[in-house]
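What follows is the residue order along each chain.
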Amino acid sequence: MRIRFLAVLVAVSGLACGEAPPPLDADVAAIQTLIDRTADANNAGDIMGWVELFTDDAVYMPANGPAVTTRDGLESIAVSGFSRYRSNIEITPVEIEVFGDWAFARTAVTGSVVPRGDGNPIRIDMKQIALYRRQSNGRWKLARLIGNSNLPQ
């Protein structure tokens, strides 16, 4: 009886301290799908498909470049990148954590981009942190995307 009382006390204490319940499998799966869609949009050169993955107030901080803080900026960087390069990348989640209506993923981005026209493939080996925010319709979107290359410049 005393052991059960202690077990209940410990469980209630954890809830009272504000410990979050474990992430929902559905949320983790939805974020994994969004990660897959991000790779697909990159590989297809799908400008609007890529831009639509982001919230209206998103911030994209690409490696070795200035922060992009507007929808027009996201579209412009996609037009510039997709018109100059064909991508063949894979985005692999290393960690996904969900905290209510916010989540983050730490990912590895590998593969290559090939300059359009004549050009040799350029190896891609990056790490990214992506912050996601649940929208009012329940879907997840990218709110912040931060990238950094693992390769020397």
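Above this text sits the structure in question.
Throughout what follows, the structure given in this document is the object of discussion. (Residues numbered from 1 in each chain as written. Predicted model: local features only at pLDDT ≥ 70, side-chain atom pairs only at ≥ 80, totals over all residues. Heavy atoms only, no water.)

Here's the deal with the pattern of salt bridges
Two side chains with opposite charge may pair up if their charged atoms get near one another. Counting across every chain of the model gives seven salt bridges. Through salt bridges with shared partners, a single network forms among Asp27, Asp101 and Arg134. (Salt bridge = Lys/Arg side-chain N within 4 Å of Asp/Glu carboxyl O.)

Details of helix 2 (residues 25–44)
Taking 1.5 Å per residue as the helical rise, helix 2 with its 20 residues ought to reach 28 Å, and the 28 Å between its terminal C-alpha atoms agrees with that figure. For helix 2, the complete set of buried residues consists of Asp27, Ile31, Leu34, Ile35, Thr38, Ala39, Ala41 and Asn42. Down the axis of helix 2, the buried side of the element spans an arc of 165°, and every buried residue falls inside it. Of the residues in helix 2, the exposed ones pointing more than 90 degrees away from the buried face are Asp25, Ala26, Asp40 and Ala44. Buried positions along helix 2 lie against helix 3 (47–51), helix 4 (71–84), strand 2 (85–99), strand 3 (102–115), strand 4 (122–134) and strand 5 (140–149). One or two steps after helix 2, the chain reaches Gly45, where phi turns positive at roughly 65°. (Helix = DSSP H or I, 4+ residues; strand = E, 2+ residues; numbered from the N terminus. Expected span 1.5 Å × (residues − 1). Buried < 20%, exposed > 50% of the residue type's maximum accessible area, 1.4 Å probe, protein only. Arc of directions from axis to C-beta. Contact = heavy atoms within 4.5 Å.)

Some remarks on the sheet that holds strand 3
Across the sheet, which stays open at both edges, the five strands sit in the order 1-5-4-3-2 with mixed pairing between neighbours. Pairing within the sheet leaves two strands with one partner each, and these edge strands are strand 1 (54–61) and strand 2. Strand-to-strand twist across the sheet, computed as the mean angle between neighbouring axes with direction ignored, equals 20°. Most of the contacts of helix 2 go to strand 2, to which it runs at about 165°, and overall it touches strand 2, strand 3, strand 4 and strand 5. In the packing of helix 4 onto the sheet, contacts are made with strand 1, strand 2 and strand 3, and the angle to strand 1 comes to roughly 55°. (Pairing = 2+ DSSP bridges. Axes fitted to C-alpha atoms, helices over the stretch in contact; angles between N-to-C directions.)

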